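# Overview (structure and organization)
Here is how the chains run, residue by residue.
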Amino acid sequence: MRGTVHIANTDTDRGLDFARVARMLARNENPGDLDNMADIMAPRLMDAAKAAMQMKAAVTSGRIDGAGWGAELAPYGVVADGFMDSLRNTGAFFRILDSMLRVPLRSQLSAVTASATGYVLGEGSAKRMTRLSLENEYIDAFRAVGFVIVTKELLMLGAQADPLIAHELRGAVSVTADAQFLTILDAGATSSASGGSTVAAIQNDLKTALAALDLGGQSKLFFITHPDTVKMLATMTIDGGFAFGDINPVTGGTLLKTPLIPCDACPYGTFYALDASGIAGNTDALILERFQHATIQMDDAPDSPPTASTVLIPLFQRGLVAIQVSTWAGAKVVRANSVYKLTSVDWGSANSP
């Protein structure tokens, strides 16, 4: 008797399931085409892929009670959440997001700029009142988009293509979101120039940055800088040993027992110290799409709008497919003295105490 055996997923990379769904979506044009892959894909991934196809099509309203196509949204949500979790390891915005004030996007909110104060009163004394100062803030949204162009031959490789697709999608989305996030931080930051490149100068720079932040018991402190700065800090020496031993040259580790995040979108020479409890932000659901009948410019700085000299490549004629993942996200500095930016940072170039 013949049957189908589905092996349980034991991947430690939570983004691979999303990459599998993306590959299935790129390989097949219609939900019915997925039935041909039922013997090699787990049912939950089949349902998630069908949901991704339905979400971009003009169809009737779905339901999650099993009556209609909406039931597939549940497994798609699980797969998308797993990919979103994996983004925390590749970008500053998604790493810090859980520590921010989570608020709805495109919403008006009031931020307290002067806190209420309690008093100890003697018997018969008048009760005091404290006036709260509120400032309206609007959390706008930006769209973080990443796409990968692959050949149909790569899609036919099956699971062997998933790590590559996951790696490229994560990198593209993270860099896009981080670039806009740093622009938002710049708008609400105070700034000064670094005082030097030695260990002593770095310590003074950190003291300056921390003194400028309004930190309290509920603060959530993070440092963000360029990956090259992280490498320089990790290899600085003092008295025959490493000056900052808790720093990992790749992942960042910790600096002053505080998470140090290497960020590809961060310009070299800048260093951010921020209190995430003074920043509001959120994201929407991930949207997965497939494009085959489109023309593209193979350039990381494309012409916009295209000119007569712009070289466009048709995907269909070249046997290529574009996989695009996007999400709406937003952030806003809602409390003063929550972000400090050091410029002209060249730490480690002298590498001496």
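The structure reproduced in this document is the subject of the present report.

### Here's the deal with helix H7 (residues 199-212)
For an α-helix, 3.6 residues make a turn, and residues three or four places apart therefore share a direction. Over its 14 residues, H7 runs 20 Å from end to end, which matches the ideal 20 Å to within 8%, given 1.5 Å per residue. Of all the positions in H7, only Val-199, Ala-201, Ile-202, Asp-205, Leu-206 and Ala-209 are classed as buried. Projected down its long axis, H7 shows its buried positions confined to an angular sector of 160°, all on one face. The exposed residues of H7 that point more than 90 degrees off its buried face are Lys-207 and Ala-211. In this structure, the buried side of H7 is in contact with helix H8 (227-235), strand S7 (237-238), strand S9 (254-255), strand S11 (271-275) and strand S17 (339-343).

### Focus: the sheet that holds strand S6 (residues 221-225)
If you trace the six strands from one edge of the open sheet to the other, you get S5-S17-S11-S6-S10-S9, paired in mixed fashion. Looking at which strands have only one partner, the edges of the open sheet turn out to be strand S5 (190-193) and S9. Note: S5 against S17, four bridges, orientation parallel. Counterpart to Ser-191 in the pairing with S17 is Lys-341. Along the sheet, H7 contacts S5, S6, S9, S11 and S17; its crossing angle with S17, the most-contacted strand, is approximately 155°.

### Describing the pairing of strand S12 (residues 279-283)
With respect to burial, S12 is a largely interior element, five of its five residues being buried. Along S12, one buried face is formed by Ile-279, Gly-281 and Thr-283 and the opposite face, lined by Ala-280 and Asn-282, is buried too. With five bridges joining them, S12 and strand S16 (residues 320-333) adopt antiparallel strand pairing. From the neighbouring strand, Gly-281 faces S16, where its bridge partner is Ala-331.

### A short note on unusual backbone geometry
The omega torsion across Ser-304 and Pro-305 is 0°, close enough to zero to call that bond cis. Here Pro-305 lies in the loop between strand S14 (295-296) and strand S15 (313-314). Within the chain, Asp-239 stands out as a residue other than glycine whose phi angle is a positive 50°. Following the sequence through the fold, Asp-239 ends up in the loop between S7 and strand S8 (241-242). Asp-239 gets classed as exposed once you look at its relative accessible area, which sits at 78%. Backbone geometry places Ser-344, a non-glycine residue, at a positive phi of 55°.

### Quick notes on the pairing of S16
On any regular strand, side chains alternate: one points to one face of the sheet, the next to the other face. Where burial is concerned, most of S16 is hidden: 12 out of the 14 residues are buried. Relative to S16, strand S13 (residues 287-291) runs antiparallel, the two sharing five bridges. Paired with Phe-291 across the strands is Ala-322, a residue of S16.

### Topic: the pattern of salt bridges
Applying the stated criterion to the full structure yields 11 salt bridges. A salt bridge links Asp-85 to Arg-88; the shortest N-O distance between them is 2.9 Å. Look at Asp-85 and you get partly exposed, because its relative accessible area is 22%. The exposure class assigned to Arg-88 is partly exposed, which follows from its relative accessible area of 30%. By sharing partners, the salt bridges in this structure join Asp-17, Arg-20, Arg-23 and Asp-162 into a single network.

### Considerations on the packing of helix H1 (residues 16-27) against helix H6 (residues 162-187)
In contact at an axis separation of 8 Å, H1 and H6 are set at 105° when each is read in the N-to-C sense. As the angle between them shows, H1 and H6 are arranged roughly perpendicular. Here H1 contributes Leu-16, Ala-19, Arg-20, Ala-22 and Arg-23 to the contact with H6, which in turn contributes Asp-162, Pro-163, Ile-165, Ala-166 and Leu-169. Of the residues that constitute the contact of H1 with H6, the class distribution is seven nonpolar, no polar and three charged.

Analysis parameters
- Residues numbered from 1 in each chain as written.
- Predicted model: local features only at pLDDT ≥ 70, side-chain atom pairs only at ≥ 80, totals over all residues.
- Heavy atoms only, no water.
- Helix = DSSP H or I, 4+ residues; strand = E, 2+ residues; numbered from the N terminus.
- Expected span 1.5 Å × (residues − 1).
- Buried < 20%, exposed > 50% of the residue type's maximum accessible area, 1.4 Å probe, protein only.
- Arc of directions from axis to C-beta.
- Contact = heavy atoms within 4.5 Å.
- Pairing = 2+ DSSP bridges.
- Axes fitted to C-alpha atoms, helices over the stretch in contact; angles between N-to-C directions.
- Salt bridge = Lys/Arg side-chain N within 4 Å of Asp/Glu carboxyl O.
- Parallel < 35°, antiparallel > 145°, perpendicular 65-115°, else oblique.
- Nonpolar A, V, L, I, M, F, W, Y, C, P; charged D, E, K, R; others polar.

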